[in-house]
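Coordinate analysis (summary)
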Amino acid sequence: MMALSQIRSLPRLMGIGDSEVFTTMKLLEIQSSVRQDGSVSRALSNEFVQSCQSCRTAGAQIQHRQRDVGTKPPAHPNALWTQANYTPPEARSPEMTNALSVSEN
């Protein structure tokens, strides 16, 4: 397991903070622990996100999105979801669009 100091140094190792490396970074954080309190993985990912945000240079943006599948798991795909997934967006019914809303956002 990585030490907290190693987690804090990861953004620098990845070049976060170097303006020539990126202007916009998309960061998807997926939480999978069912525990809210006392979860080591939640603490480590929170530390990493905070380190990324503190390392960025002026003008650089971090678009952070968090998914919590531990406490809010997505629904299982069903026949409607599968049909909607293979239908072009402009041809989808409102029911199809609703079925895909969790995976599209």
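Residues numbered from 1 in each chain as written. Predicted model: local features only at pLDDT ≥ 70, side-chain atom pairs only at ≥ 80, totals over all residues. Heavy atoms only, no water.

With 74% of its residues at a pLDDT of 70 or more, the chain has an overall mean of 82. Of all secondary-structure elements in the chain, the lowest mean pLDDT belongs to helix α1 (residues 4-13), at 62, while helix α3 (residues 79-85) reaches the highest, 96. (pLDDT = per-residue confidence, 0-100. Helix = DSSP H or I, 4+ residues; strand = E, 2+ residues; numbered from the N terminus.)

Now for the nonpolar core. One broad trend across soluble globular proteins is that nonpolar side chains are buried collectively. The biggest cluster of nonpolar side chains holds six residues, and these are Met 25, Leu 27, Phe 48, Val 49, Cys 52 and Ile 62. Those elements that provide at least two residues to this core are β1 (24-31) and α2 (40-55). No other element matches the three residues that α2 contributes to this core. Each residue touching Val 49, except ones within four places of it in the same chain, is listed here: Leu 27, Glu 29 and His 64. (Core = buried A, V, L, I, M, F, W, Y, C linked by side-chain atoms within 4.5 Å. Buried < 20%, exposed > 50% of the residue type's maximum accessible area, 1.4 Å probe, protein only. Contact = heavy atoms within 4.5 Å.)

With that settled, the discussion passes to the environment of Leu 27. Among the structural elements, Leu 27 can be located in strand β1. Between the C-alpha atoms of Leu 27 and Gln 63, which are 36 residues apart in sequence, the distance is 6.0 Å. Among residues more than four places away in sequence, those in contact with Leu 27 are Phe 48, Val 49, Cys 52, Ile 62, Gln 63, His 64 and Arg 65.

Moving on: α2. Under the 1.5 Å per step criterion, the end-to-end length of α2 is 23 Å for 16 residues, consistent within 8% with the ideal 22 Å. Among all positions in α2, only Arg 42, Ser 45, Glu 47, Phe 48, Val 49, Ser 51, Cys 52 and Cys 55 are buried. (Expected span 1.5 Å × (residues − 1).)

Next up on the list: the pattern of salt bridges. Tallied over the full model, the rule gives one salt bridge. Arg 42 is paired through a salt bridge with Asp 68; the nearest N and O atoms lie 3.0 Å apart. Here Arg 42, found in helix α2, pairs with Asp 68, found in strand β2 (residues 61-68); they are 26 residues apart in sequence, far enough to count as distant. Accessibility expressed as a relative area gives 8% for Arg 42, which makes it buried. (Salt bridge = Lys/Arg side-chain N within 4 Å of Asp/Glu carboxyl O.)

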